[in-house]
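# Descriptive structure summary
Each chain, letter by letter, is given below.
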Amino acid sequence: MMAQTQSDEGKNKEIINEGFAKWASGAGDVFDLLTDDMEWTIIGSSPVSKTYTNRKQFLEEVITPLNERLSVKIVPRVRGIYADGDMVIALWDGTATAKDGKPYNNTYSWYMTMKNGRIVKVVAFFDTIALADLWKRIPVSKQDNK
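This report concerns the structure included in the present document. (Residues numbered from 1 in each chain as written. Predicted model: local features only at pLDDT ≥ 70, side-chain atom pairs only at ≥ 80, totals over all residues. Heavy atoms only, no water.)

Another point: unusual backbone geometry. Of note in this structure, N116 is not a glycine but carries a positive phi near 50°. With respect to the helices and strands, N116 occurs in the loop between strand 5 (103-115) and strand 6 (118-126). Residue class for N116 comes out exposed when judged on its relative accessible area of 75%. (Helix = DSSP H or I, 4+ residues; strand = E, 2+ residues; numbered from the N terminus. Buried < 20%, exposed > 50% of the residue type's maximum accessible area, 1.4 Å probe, protein only.)

Following this line, the structure appears as structure tokens:
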């Protein structure tokens, strides 16, 4: 496999930067950049920590139930975006409000592997205790996930 050029790194970094900017402004999100057959691994011991093998499964099992527990959705604030070869790393803070009125704040580090301007693989680190607490505090019925 040929090493990616500096311009590929720059392009990948710009694509991710733009995805976060759209998300922060409410005009889309980083998940729009996922390929259908992407792989997303959540590290840790939270109720959602595992490897998801496609976009649909990840959105249905993690993102939709997470958003259903929030009255104010997560707004990202990027601390830094770094690119090395086909990998882009984003360090960012997310602030939201849970349906019980309590804040849900977390810091994330996502390691995203890019191919043809899309995200094909992610390894995600964040405070899984904070997420587990939210998951347990605010149950979502299976019916709500439809």
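Looking at the element boundaries, R69 is found in the loop between helix 2 (55-68) and strand 3 (70-84). You can call R69 buried: its relative accessible area is 5%. Separated by 29 residues in sequence, R69 and A98 have C-alpha atoms that sit 5.8 Å apart. Those residues in contact with R69 that lie beyond four places of it in its chain are A98, K99, L134, W135, I138, P139 and V140. (Contact = heavy atoms within 4.5 Å.)

Counting across every chain of the model gives 7 salt bridges. For E60, the salt bridge goes to K56, with nearest N and O atoms at 2.8 Å. In this pair, E60 and K56 are both assigned in helix 2, 4 residues apart and thus about one turn of the helix distant. (Salt bridge = Lys/Arg side-chain N within 4 Å of Asp/Glu carboxyl O.)

Once that is clear, we can look at the packing of helix 2 against helix 3 (residues 128-137). Two elements in contact, helix 2 and helix 3, have axes separated by 11 Å at closest approach and are oriented at 65°. On the basis of their axis angle, the class for helix 2 and helix 3 is roughly perpendicular. Like other packed secondary-structure pairs, helix 2 and helix 3 cross with a definite hand, here left-handed. For the pair formed by helix 2 and helix 3, the contact residues are E61, V62, P65 and L66 on the first element and L131, L134 and W135 on the second. Looking at the contact of helix 2 with helix 3, its residues break down into 6 nonpolar, no polar and 1 charged. (Axes fitted to C-alpha atoms, helices over the stretch in contact; angles between N-to-C directions. Parallel < 35°, antiparallel > 145°, perpendicular 65-115°, else oblique. Left-handed = near helix turned anticlockwise from the far one by under 90°. Nonpolar A, V, L, I, M, F, W, Y, C, P; charged D, E, K, R; others polar.)

Pairing of strand 1 (residues 34-42) with strand 6 involves 5 bridges; the strand directions are parallel. What sits directly across from E39, in strand 6, is K121. Of the pairings in the sheet, the one linking strand 5 to strand 6 comprises 8 bridges and is antiparallel in character. Bridged to M114 within strand 6 is I119. Following strand 5, the chain reverses through 2 residues before pairing antiparallel with strand 6; N116 in that reversal takes a positive phi of roughly 50°. (Pairing = 2+ DSSP bridges.)

Membership of the largest hydrophobic core comes to 38 residues, with the highest contact counts inside it found for W40, F58 and W110. For this core, the secondary structure elements donating two or more residues are helix 1 (6-25), strand 1, helix 2, strand 3, strand 4 (87-98), strand 5, strand 6 and helix 3. Setting aside anything within four residues of it in sequence, one finds W40 in contact with F31, L34, K50, T51, Y52, F58, W110, V122 and A124. (Core = buried A, V, L, I, M, F, W, Y, C linked by side-chain atoms within 4.5 Å.)

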